[in-house]
Amino acid sequence: MQLSQKKGKSNQPCKCCNILLESRLGSYQSTDYGSTYQRMNDKVGSKTVLSYLYVCPTNKRKVRSCWSVSSGLIDRYKFESSVLVSSDEGASYQKYRLTFYVLSLLFHPTEEDWALAYSHDQKVSVSSCLHSSVSGLDKEPDLVHMEAHTPDGNVQYVTCRAQMCTDVNRNYPFPGYIDISSLVVQDDYIFIQVPTSGRASYYVSYKRDSFIQIKLPKYSLPKDLHIVSTDEKQVFAAVQEWNQNDTYNLYLSDTRGIYFTLAMENVKTTRGIGGNQMLDLYEVAGIKGMLIANKRRDNQVKTYMTYNKGREWRLLQAPPTDLDGNDIHCILPFCSLHLQLQMSENPYLSGTISTKATAPGIIVATGNIGAELSYNNVGMFISSDAGNSWRQIFEEEHNVWFLDKGGAIVAVKQPSVPTRHLWVSFDEGRQWTQHTFSLVPLFVDGVLVEAGAENQIMTFFGHFSHRSEWQLIKIDYKSIFSRKCTEEDYQTWHLHNQGEPCVMGQKQIYMKRRPGNYCMLGEDYSSILSAESCICRAHDFECDYGYERRSDGNCRPSFWFNPSTVSRSCSQGQNYLNSTGYRKVVLNNCTKGVKEMYTARKQQCPNRPPKGLMLTIKDGKLTANLGSNVTFFVHLDEGDSLHTNIQLDFGDGTAVSYSNLSWTEEGIKHIYKSAGIFRVTALAENTLGYDSTTLFLHVTCPVEHVRLIAPFVVIKNKEVNITAVALPSHSRTLERCTFIVSLQPVITLDASISHTFPNDGMHTVTVQVAAANSLRQDTKTIAVRGFFKSLLLSFSPNLDEFNPDIPEWRQDVGRVIKRALLQVSGFHFLCLPFSPVHPSVCLQLLSFLPFYPLLSFSPHYFSLLPMLLYPFLPNTRWCRKRTTLGQPVIHHQTGVKTPFFHFSPRMAL
C-alpha cells in the first residue's frame, strides 16, 4: 500500500474523484484523490465562502457550488448569494448571481442542466417538501411536486412545471387539504396524509392514477406511519399503533400500494443523534427478499431474519465457536445471535451492519450472543452464506468497508478509539492482515472509498486529538492485488435458506472469487451466474388483505373482514377477482404448482342493492364558512355503481341527481347563501333497493362585531335580561356565548341570560361570542340601586347628518351633555357606554339625595344632541328658541311619568 498524508480543516468530502478541504486560508480541491491540492478561492474570489457543494448525479464532472460573497469594501455585513457551476470537475467555474439565498438544491434525475432550489420567500409559501419529476411516470420532465400553503394556513399538494408555476398553471392532483410534510413522491408511488379530527387517513397514487385511501387492518389505528421503501414493486410501511411507544409494526402492500398486511409486530426503534426514531430493520443488499429485524417480545429484543419478505421469520444461529476456538453452547430458541441494525448518521462510516450488492451473501455486523440483544460485551460477526451461518471476527466494534466490489474487506476501529492500523481480508473474513496507515494514532472520522477503473483509493480523514486539525491520509491499495481475476479464480455459490434451495421462488447461483486469491475483480464482474424458477409451494404465498394465518397454517378471514365486500365497486356485466385468502409474495418468481389454487379467481360481478352509503366532506369537517364552496363525496360500500342513481339534498331547498356514482368521483360542490345548520341527505337507489345517509352541516359566518344589550341601571334583587347581538346578522349560529358577571363566567349556547344583582354598586358585564373560528367580546357597566326614576329626552330627526358612526363621536357627545346638565343643575352625572335598549336618550335620576343622574345613549341613535330638561331649565341661555312642553310619556321600564321635550340639533354646541 502507498500512503500519503495532508493536513487541513476539512468539510465532508464530495463523492467523486474530487476531495474538498476548507481551512482558515480558504477552500482547496484535489482532483487526483488527494495527491495534490489547488486553492479554490483563486478561481472564485478571495472573499467567497463556500456554503454547499453538489455533484450532478448524471454527470460526475458537473459540480454546482453555492457561495456567499462578502462585499467587504461596501458593507462588511452585506452578503450576496451565487451559484457557481463547473463542467470540468472544478477546474473552472461560471458564476450566476441569485436574488435569493439557497437553502437546498435538488438535481433533476436525468437532465444534468436542471436544478430546483428551495428558499424562503415572503410572497410564496412553499414547504421544503419538493420533488422532481420521475421519468416514465410524469408527462413533463420539468414537473415539480410540492406542498403549498394556502392563505388560511392549510396545505395542498400542488404540481406545476418548473418555469410556469403560476396560480393559473398549477394543478391539484388531490382535491383536498393534506398534512404538512406528508407528501412523499417515490418511484411509482405518491403518498399523502389527510388531516382528520380523529383517526389518521393515508392516500396513495400508483403510477399517477387517482388517489385511493390506504387500507390497513381495520383496528390498526395508526398514530404514525413511515414509508420504508418502494423499490421492489411493493411498499414497506412502518406503522406505530395506538398502543405502541418505542416500537412499530411492519406492513407490506400489494403492487399498487393500497392493501397492507402485517409482516412483523413490535419492531424496535432506536433514537438517533438528531432525535429521530430509526427503525431496527435492515434490507440485505444483493439478496432479494432478505430482511433482518429486531423485534421486542416479552420485554426482550431478539434479532430475526426472513428470506421471503416477511412471510416467515426465524432467529439467527450463533457461531459454534468463539475467536479462540472454544465451543459456544447456544441452543435455539433460548439463545441466538443478535445484531445491532443502526445505520450511521455519518455517511463516511459504515454503521453497525454492512452489506454490498456486488458481494451477495456477505453480512458484517456488530452483535452479541445470548437470550436477547445487548449493547455490552459486543463483538463483530460475519456471514458469507447470507445468514445461514456466522463467525466472530473481532472482539471490539469496527467500521467496515468493501473494496474491489466486495473482493476485499477493510476494518477500522470505531472513532472513539484512536488507531494506527487497519485490517484487510481477502477470504470473506476468515483471515485478516494488519497494515499501519499512520505513525500517530488517529481518531478516524470517516473513510472515502471510490474505486475507479484505474485507481483504487481510500481516503482517511480524522484527527490526532480533539484540539488538532483534521488529517487526510490517502491509501492506494491497488498494489495489494497481483493481477486481474480469470475464470479459474472464481467458484459458484448457491443461495439457500437452511438447505432449502428455492428462495423467492427461484434457485439462484452466484459467482464468487475463491478465498485467498489476490486478484482484482474488475469492472466487468457480475455476481449473479444464473436463476431458475421453482415450482410454487405454500411458502411462496402470504395471507391476503383481511385474512390472517391460523395455527394450522391456513389463511382465514379476520373477525372484522367480510370477504363479500371486495366486489362492492363491481358493476353488472363486469368481472372482479375473488380472493382465495392468499396472494403471492411480490417479486416471487415461482411457477405452476399450487399457483392456480392460491391465485384470486375472476368472477362475474353480482347485482346487489346499494348498501353502506357514506356521505363525507372534502376536508373531513362538518363546518363551513358562509359563501365557501363545500365539496361532498359519496361512497358506496356495496352495489352496482354504474346502475345506481344518486340523489343529494343540500338541506337549503336545492338538490341534485346523478344517473350513476361515477359522475360524483370528483365531488359534488355547493355554496350555501345563508348561515345555519343544514340537514344534507344522500340517497342511492337501483332496481333492487335503496340506501340513504344523512349528515348535519354547520354553516357559519365569522363574527365581525358583538354588542352587549343590558340596562344601564337596574333595581337590586330584580331579575334583568342581558343579551348579546352578533353582527353581521348571518352570525345567528353561535357556537358559544360566555357571559362574565361579577367575575363568574356563564357559558351557554343561547345569546341571552337572566341575572339578579344582590348588591348595590357598579357592576361590569362582559360577553364573548365564538363563531366560525372568530371570537369577539363587548363590555358594559351596570349601576345597581334600590330605586331610580327615568326621564326621556328626544332630538331632531336630522341629527344623523352630524354622525360619523364611530364610538369615539358618541363618547364625545356624551361628555358635552354631561357638562351641560352639570352646569344648569348642579348634579353629578356619570356617562355610561351606549346600549341598544331604546331609540332615545335616558336621563336617569336616582332617588337618593343628592340626586345622582346617569346619562346614556341608544346605539340606534348614534348622533343625539342633548335636550335640556324643562323643570331645571325654564329660561336657559342655551336655547336659541323657546321650546314647547310636550305631553307626558310612560317609560318602558319604570312606569314613571316623565315630561317629553323636543329641541333643535344645533343648540348647546
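Each value, and the rule that gives it
- Numbering of residues starts from 1 in every chain and runs along the sequence as written.
- Residues qualify for local features only when their pLDDT is at least 70, as the model is predicted, and side-chain atom pairs are given and counted only at 80 or more; totals for whole chains, interfaces and linings, by contrast, use all residues.
- Side-chain metrics in this entry use all non-hydrogen atoms of the structure; hydrogen atoms and water are not considered.
- Strands here mean DSSP runs of E at least two residues long; helices mean DSSP runs of H or I at least four residues long; both are numbered from the N terminus.
- Burial classification: accessible surface area is computed with a 1.4 Å probe over protein chains only, and a residue below 20% of its type maximum counts as buried, one above 50% as exposed, and the rest as partly exposed.
- Residue contacts follow a heavy-atom distance rule, with two residues in contact if any of their heavy atoms lie within 4.5 Å.
- Throughout, the Shrake-Rupley method with a 1.4 Å probe supplies accessible areas, and for residues the shown protein chains are the sole cover considered.
- Note on aromatic contacts: the rings of Phe and Tyr and the six-membered ring of Trp form a pair at centre separations within 6.5 Å, being stacked when their planes are under 30 degrees apart, edge-to-face when over 60 apart, and tilted otherwise.
- We call a charge positioned above a ring when the Lys NZ or Arg CZ atom is no farther than 6 Å from the ring centre and deviates by at most 35 degrees from the ring normal.
- Salt bridge, as used here, is a side-chain nitrogen of Lys or Arg placed within 4 Å of a carboxyl oxygen of Asp or Glu.
- Each nonpolar core is a collection of buried residues, namely Ala, Val, Leu, Ile, Met, Phe, Trp, Tyr and Cys, held together in the definition by side-chain atoms within 4.5 Å.
- Strands are treated as partners if at least two bridges between them are detected by DSSP.
- Disulfide: a pair of cysteine sulfur atoms within 2.5 Å of each other.
- To obtain each axis, a line is fitted to C-alpha atoms, and for helices this fit is confined to the stretch in contact; angles are then taken between N-to-C directions over 0 to 180 degrees.
- Two N or O atoms count as a polar contact when they lie within 3.5 Å, although within protein this holds only if one can serve as hydrogen donor and the other as acceptor, and sequence-adjacent residues are included solely when both atoms are side-chain atoms.
- Per-residue confidence from the predictor is reported as pLDDT, a score between 0 and 100.

### Topic: the overall build of the protein
Alright, step 1. Counting its regular elements, the protein contains 3 helices and 73 strands.
Alright, step 2. In the protein, buried positions account for 48% of the 909 residues.
Alright, step 3. Taking as baseline every contact in the protein between residues at least 6 positions apart, the subset at least 24 positions apart corresponds to 52%.
Alright, step 4. Of the roughly 45,600 Å² of accessible surface on the protein, 50% is carried by carbon and sulfur atoms.

### What about the packing of aromatic side chains?
Alright, step 1. Summed over all chains, the structure comprises 21 aromatic pairs.
Alright, step 2. Plain terms: the ring middles of Tyr-189 and Phe-191 are 5.8 Å apart, the flat faces sit at 20 degrees to each other, and that makes the pair stacked. Each member of the pair, Tyr-189 as well as Phe-191, is classed as buried.
Alright, step 3. Following the ring pairs from residue to residue traces out a cluster consisting of Tyr-259, Tyr-545, Tyr-547, Trp-560 and Phe-561.
Alright, step 4. Against the face of Trp-493 rests Lys-512, its NZ or CZ located 4.3 Å from the ring centre.

### Here's the deal with the pattern of salt bridges
Alright, step 1. The tally for this structure, following the rule as stated, stands at 18 salt bridges.
Alright, step 2. Here Arg-161 and Asp-142 are joined by a salt bridge, their closest N and O atoms 3.0 Å apart. One end of the pair, Arg-161, is in strand β13 (residues 155-161); the other, Asp-142, is in the loop between β11 (126-132) and β12 (143-149), with 19 residues separating them in the sequence.
Alright, step 3. Residue Asp-142 is classed as buried on the basis of its relative accessible area, which comes to 15%.

### What about the nonpolar core?
Alright, step 1. Within the largest apolar cluster, 26 residues are counted, with the highest numbers of intra-cluster contacts made by Met-290, Ile-292 and Leu-339.
Alright, step 2. Listing elements by their share of this core, those giving two or more residues are β28 (336-339) and β30 (363-370).

### Observations concerning the pairing of strand β22 (residues 260-271)
Each regular strand carries side chains that alternate between the two faces of the sheet.
Alright, step 1. In the sheet, strand β21 (residues 247-253) pairs with β22 via 6 bridges, with the strands oriented antiparallel. By the bridge assignment, Leu-250 is partnered in β22 with Met-264.
Alright, step 2. Here β21 hands over to β22 after 6 residues, with Gly-257 in that stretch at a positive phi of 75 degrees.
Alright, step 3. In this structure, β22 lies alongside strand β23 (residues 277-279), joined through 3 bridges in antiparallel fashion. Across the sheet, Thr-269 pairs through a bridge with Leu-279, a residue of β23.

### Remarks on the state of the cysteines
By definition, a disulfide links the sulfur atoms of two cysteines through a covalent bond.
Alright, step 1. Enumeration according to the criterion identifies 6 disulfides in this entry.
Alright, step 2. Each sulfur of the disulfide joining Cys-485 and Cys-519 lies 1.9 Å from the other. Because the torsion about its S-S bond is 90 degrees, the bridge between Cys-485 and Cys-519 counts as right-handed. Here the residue Cys-485 occupies a position in the loop between β40 (483-484) and β41 (490-494), and Cys-519 occupies one in strand β44 (residues 519-520), the gap between them amounting to 34 residues.

### Examining the sheet that holds strand β60 (residues 705-709)
Alright, step 1. Ordered in space as β60-β62-β65, the 3 strands form an open sheet in which the pairing is antiparallel. Two strands close off the open sheet at either side, each with one partner strand: β60 and β65 (752-755). Looking at each pair of strands side by side, their axes are set apart by 20 degrees on average, direction ignored.
Alright, step 2. Summarising the sheet, β60 and strand β62 (residues 720-727) pair through 5 bridges and their orientation is antiparallel. Counted as the bridge partner of Arg-707 is Val-725 from β62.

### A few points about the side chain of Gln-240
Alright, step 1. Examined against the element boundaries, Gln-240 turns out to sit in strand β20 (residues 236-241).
Alright, step 2. You can call Gln-240 buried: its relative accessible area is 8%.
Alright, step 3. Polar side-chain contacts of Gln-240 include one of 2.6 Å to the backbone oxygen of Asn-245.
Alright, step 4. Sequence-distant contacts of Gln-240, that is, excluding residues within four places in its chain, are made with Leu-221, Pro-222, Lys-223, Asp-224, Asn-245, Asp-246, Thr-247, Tyr-248 and Gln-277.

### Describing the side chain of Thr-644
Alright, step 1. Tracing the backbone shows Thr-644 in the loop between β54 (629-638) and β55 (645-649).
Alright, step 2. One polar contact links Thr-644 to Asn-686, side chain to side chain, over a distance of 3.5 Å.
Alright, step 3. Excluding residues within four positions of it along the chain, Thr-644 makes contact with Pro-610, Leu-636, Tyr-658, Ser-659, Asn-660, Leu-661, Ala-684, Glu-685 and Asn-686.

### Some details on the pairing of strand β33 (residues 398-403)
Alright, step 1. Counting buried positions over the 6 residues of β33 gives 6, a clear majority of the element.
Alright, step 2. Residue alternation in β33 divides its side chains into two sets, His-398, Val-400 and Phe-402 and Asn-399, Trp-401 and Leu-403, and both sets are buried.
Alright, step 3. Remark: 4 residues form the turn of the hairpin made by β33 and strand β34 (residues 408-413), two consecutive strands paired antiparallel; Asp-404 in that turn has positive phi of roughly 50 degrees.

### A closer look at the confidence of the model for the protein
Alright, step 1. With 78% of its residues at a pLDDT of at least 70, the protein reaches an overall mean of 78.
Alright, step 2. Under a pLDDT of 50 for its full length, residues 122-128 has, in the predicted model, 11 contacts with residues more than four places off or in other chains.
Alright, step 3. pLDDT under 50 marks residues 828-909. Its contacts with residues more than four places away, or in other chains, come to 222 contacts.

### Quick look at the sheet that holds strand β35 (residues 421-425)
Alright, step 1. One open sheet holds the 4 strands; their spatial order is β33-β34-β35-β36, and the pairing between them is antiparallel. Of all the strands in the sheet, just β33 and β36 (433-436) have a single pairing partner and so form its edges. Taken over all neighbouring pairs, the strand axes of this sheet differ in orientation by 30 degrees on average, direction set aside.
Alright, step 2. For β34 and β35, the ladder comprises 3 bridges, and the chain directions are antiparallel.

### Section: unusual backbone geometry
Alright, step 1. Cis geometry marks the peptide bond from Leu-332 to Pro-333, where omega comes out at 0 degrees.
Alright, step 2. Along the chain, Pro-333 falls in the loop between β27 (314-315) and β28.
Alright, step 3. Positive phi outside glycine occurs at Asn-299, with the angle close to 65 degrees.
Alright, step 4. The topology assignment puts Asn-299 in the loop between β25 (291-297) and β26 (300-306).
Alright, step 5. Located in the positive-phi region is Asp-404, a residue other than glycine, with phi close to 50 degrees.
Alright, step 6. Within the secondary structure layout, Asp-404 lies in the loop between β33 and β34.

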